[in-house]
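# Per-entry structural report
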Amino acid sequence: MSCKTLFSNKLYSRLVSLPGFNMSQYSYSTGLGDLGSGAGQGGGDGGSVRQAGGSFGKREAGLEGEYFNRLKQQQLDELKKSMHDDVKFHEEQIKRHQGAIEKIKTRINTAE
């Protein structure tokens, strides 16, 4: 993450314009380390397997990431299906309204 994103643009421009201010002395760190590498590092206290770290912890972190990616994809697919259903519903409503408009126009023409 760049330092500019840590500060608002206005604050960043003020800081950079100060004499003697060196933005490179400030760094941003998540403090996570490698995922699955033990308690408190990249996942915190995620259970005994994750606490132990090593290859089992990394595998568990990978499986957890895979699970959330599948869950996200499933939610995205459900959202897309719902949106397609909405489009279909509104297209049917348009056809129904166009039919009603034609009936009214016919009644207007016959009334004249």
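This one's a predicted model, so the numbers in the text were calculated from it and none came from an experiment.

## A word on the overall build of the protein chain
When helices and strands are tallied, the protein chain shows four helices and zero strands. Walking the protein chain from its N terminus toward its C terminus, one meets helices and strands in the order α-α-α-α. Looking at the 112 residues of the protein chain, the share that counts as buried comes to 9%. In the protein chain, of all internal contacts separated by at least 6 residues, the share reaching a separation of at least 24 is 7%.

## Topic: the confidence of the model for the protein chain
Residues with a pLDDT of 70 or more make up 53% of the protein chain, whose mean pLDDT is 75. Averaged pLDDT values for the elements of the protein chain fall to 50 in helix α1 (residues 3-6) and rise to 93 in helix α4 (residues 54-111). For residues 26-30, every residue scores under 50 in pLDDT, and the model assigns this stretch four contacts once sequence neighbours within four places are set aside.

## Topic: the pattern of salt bridges
Oppositely charged side chains can pair when the atoms bearing their charge come close. Inspection of the entire model under this criterion finds two salt bridges. The closest approach of N and O atoms between E66 and R70, which form a salt bridge, is 3.0 Å. In this pair, E66 and R70 both sit in helix α4, four residues apart, roughly one turn of the helix. For E66, a relative accessible area of 42% translates into the label partly exposed. D85 is the salt-bridge partner of K81, the closest N and O atoms lying 3.1 Å from each other. A residue pair is termed a helical-turn pair when its members lie 3 or 4 positions apart in one helix, as K81 and D85 do in helix α4 at four residues.

## What to know about the packing of aromatic side chains
Ring pairs (aromatic) are described by centroid distance and by the angle formed between their planes. As enumerated under the stated definition, the model contains one aromatic pair in all. Taking 5.1 Å as the distance between ring centres and 75° as the angle between the ring planes, the aromatic pair formed by Y67 and F68 counts as edge-to-face.

## Some thoughts on a nonpolar patch on the surface
On the surface, L76, L79 and M83 cluster together into a nonpolar patch covering about 280 Å² of accessible area. Inspection of the secondary structure assignment puts M83 in helix α4. Residue M83 is classed as partly exposed on the basis of its relative accessible area of 47%.

So, how was this worked out
Residues numbered from 1 in each chain as written. Predicted model: local features only at pLDDT ≥ 70, side-chain atom pairs only at ≥ 80, totals over all residues. Heavy atoms only, no water. Helix = DSSP H or I, 4+ residues; strand = E, 2+ residues; numbered from the N terminus. Buried < 20%, exposed > 50% of the residue type's maximum accessible area, 1.4 Å probe, protein only. Contact = heavy atoms within 4.5 Å. pLDDT = per-residue confidence, 0-100. Salt bridge = Lys/Arg side-chain N within 4 Å of Asp/Glu carboxyl O. Phe/Tyr/Trp six-rings, centres within 6.5 Å; stacked < 30°, edge-to-face > 60°. Patch = residues over 30% accessible without salt bridge, like charges linked within 9 Å, V, L, I, M, F, W, Y side chains within 5 Å. Areas by Shrake-Rupley, 256 points an atom, 1.4 Å probe, with all protein chains shown as cover.

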